[in-house]
Amino acid sequence: MNPYILSTLLFGLGLGTTITFASSHWLLAWMGLEMNTLAIIPLMAQHHHPRAVEATTKYFLTQATGAAMLLFASTTNAWLTGQWDIQQMSHPLPVTLITLALALKVGLAPLHSWLPEVLQGLDLTTGLILSTWQKLAPFALLLQIQPANSTLLIALGLTSTLVGGWGGLNQTQLRKILAYSSIAHLGWMILIIQFSPSLTLLTLLTYLIMTFSTFLVFKLNNSTSINALATSWAKAPALTSLTPLILLSLGGLPPLTGFMPKWLILQELAKQDLAATATLAALTALLSLYFYLRLSYAMALTMSPNNTAGTTPWRFPTSQNTLPLAISTTATLLLLPLTPAATALLTL
């Protein structure tokens, strides 16, 4: 892609999100979300492959549906209450409609079925943007309309953690596994959003760091399926020994960074007398952990059949910049000791 066009699209992507962040009026927020969608569509369809075009079409249709629903709900709110202000949502009908529209936009279960299909059709770089940056604007709006319908949010959260764990069990394609991982993490964020919005932000931040590392590892190894992971020993031995730790951090095992948000969320749910919800969420995390362990096993404990054991094939040095990967991997593995600092910041 022409670098001028690429920089224009990335600028549009950033501007759309920033407009949504800065808006207090529903029309402006809607406009930011639309700019975001329109800017990423050429990036998704840049490799003129039928699967990429299909993924782009599916993405456009779901985002257009979500945006139309959001506009309808905000207009209904203005009609019922005379308010266009995002933080003045008092009527339950528009609040519920907007929550569902934003759930469709980020891919929360049961409105999730587009996400694995779309991510599967994209290359890893665009998939990374879709899994990280594109979640920010809808989450900014979800945080602002709290307190929303409590039962609806807990139902969305639990369904997402369950579907995210269950859906990834049978997958062999890495991008689909990452899509289901994204659904499960979003479920954890939605579970806690009404009780502790700052904890949702912390979970979102750790999710962004861990997903960034995972996508960069797969991009460096040029792997899109579990079978391709088995050849990574020969390509990058040091990175291959760290990757299972990155995946287990995504699964939420101590003493890795991914344990911090899950631990704090379960603690907060128990404080709110939602012990059953916390137990269910913790059990669904085991489902996700299974497919992260499956990836770790494929990467660390199996050898590719067409490689003689222990020999590194001759190859050109990688042309990819590995500094972002080094920084994000360090953050993915080693931030758990900062939990007291994070909790202190949350209570400010």
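Thresholds applied
Residues numbered from 1 in each chain as written. Predicted model: local features only at pLDDT ≥ 70, side-chain atom pairs only at ≥ 80, totals over all residues. Heavy atoms only, no water. Helix = DSSP H or I, 4+ residues; strand = E, 2+ residues; numbered from the N terminus. Rg over C-alpha atoms; globule rule 2.2 N^0.38 Å. Buried < 20%, exposed > 50% of the residue type's maximum accessible area, 1.4 Å probe, protein only. Contact = heavy atoms within 4.5 Å. Areas by Shrake-Rupley, 256 points an atom, 1.4 Å probe, with all protein chains shown as cover. UniProt positions renumbered as here; feature names shortened; annotations may be inferred. Salt bridge = Lys/Arg side-chain N within 4 Å of Asp/Glu carboxyl O. Polar contact = N/O pair within 3.5 Å; in protein donor to acceptor, adjacent residues only side chain to side chain. Phe/Tyr/Trp six-rings, centres within 6.5 Å; stacked < 30°, edge-to-face > 60°. Core = buried A, V, L, I, M, F, W, Y, C linked by side-chain atoms within 4.5 Å. Axes fitted to C-alpha atoms, helices over the stretch in contact; angles between N-to-C directions. Left-handed = near helix turned anticlockwise from the far one by under 90°. Nonpolar A, V, L, I, M, F, W, Y, C, P; charged D, E, K, R; others polar. Patch = residues over 30% accessible without salt bridge, like charges linked within 9 Å, V, L, I, M, F, W, Y side chains within 5 Å.

1. What to know about the overall build of the protein
- Within the protein, the secondary structure is distributed over 17 helices and zero strands.
- For 348 residues, the compact-globule estimate of 2.2 N^0.38 gives 20 Å, and the protein sits close to it at 20 Å.
- If you line up the protein on its principal axes, its C-alpha atoms span 70 × 50 × 35 Å.
- A total of 348 residues make up the protein; the buried ones form 53% of that total.
- Sequence separation of 24 or more characterises 79% of the internal contacts of the protein that already satisfy a separation of 6 or more.
- Of the roughly 15400 Å² of accessible surface on the protein, a fraction of 69% belongs to carbon and sulfur atoms.

2. Comments concerning the UniProt feature "domain: NADH:quinone oxidoreductase/Mrp antiporter transmembrane" (unreviewed entry) in the protein
- Mapped onto this structure's residue numbering, the UniProt feature "domain: NADH:quinone oxidoreductase/Mrp antiporter transmembrane" (unreviewed entry) falls at residues 23-287.
- Annotated as 76% helix and 0% strand, the span residues 23-287 places its first and last C-alpha atoms 38 Å apart.

3. Here's the deal with the pattern of salt bridges
- Evaluated as defined, the whole model comprises three salt bridges.
- What you see here is one network of salt bridges that share partners, running through E54, K58, E117 and K176.

4. Some remarks on the environment of P340
- Positionally, P340 belongs in helix 17 (residues 339-346).
- Between the C-alpha atoms of P340 and M260, which are 80 residues apart in sequence, the distance is 10.0 Å.

5. Let's talk about the side chain of R175
- Relative to the assigned elements, R175 resides in helix 9 (residues 174-192).
- There is a polar contact of 2.6 Å between the side chain of R175 and the backbone oxygen of L122.
- Not counting chain neighbours up to four residues away, the residues in contact with R175 comprise L119, Q120, L122, D123, L124 and T224.

6. Quick notes on the environment of I129
- Considering the arrangement of structural elements, one finds I129 in helix 6 (residues 124-131).
- Taking the C-alpha atoms as reference points, I129 and F212, 83 residues apart in sequence, are found 9.1 Å from one another.

7. Concerning unusual backbone geometry
- Cis geometry marks the peptide bond from A109 to P110, where omega comes out at 5°.
- Structurally, P110 is set in the loop between helix 4 (92-106) and helix 5 (114-120).
- P254 connects to P255 through a cis peptide bond whose omega is 5°.
- You can see P255 is positioned in the loop between helix 13 (237-251) and helix 14 (259-271).
- The phi torsion at N222 lies on the positive side, around 55°, for a residue other than glycine.

8. With respect to the packing of aromatic side chains
- This structure, assessed with the given rule, holds three aromatic pairs.
- Seen in terms of ring centroids, F291 and Y292 are 4.9 Å apart; in terms of plane orientation they differ by 55°. Their pairing is tilted. In this structure, F291 and Y292 share a single accessibility class: buried.

9. Quick look at the nonpolar core
- One finds I40, Y59, V118, L130, V217, F218 and L295 to be the most contacted residues of the largest nonpolar core, which totals 48 residues.
- Ignoring any residue separated from it by four or fewer positions in sequence, one finds I40 in contact with L13, Y59, I129, L130 and Q134.
- With 33 residues, the next largest nonpolar core counts W26, L70, L108 and I193 among its residues.

10. Concerning the packing of helix 9 against helix 14
- The geometry of helix 9 relative to helix 14 is characterised by a closest axis approach of 10 Å and an angle of 35° between their N-to-C directions. Once helix 9 is placed against helix 14, the crossing between them reads as left-handed. Residues H185, W188, L191 and I192 of helix 9 pack against K262, I265, L266, E268 and L269 of helix 14.
- Counted by class, the contact of helix 9 with helix 14 contains six nonpolar, one polar and two charged residues.

11. Thoughts on a nonpolar patch on the surface
- Residues M1, I5, L6 and L10 make up a contiguous nonpolar surface patch of about 330 Å² in total accessible area.
- Locating L6 in the fold gives a position in helix 1 (residues 3-22).

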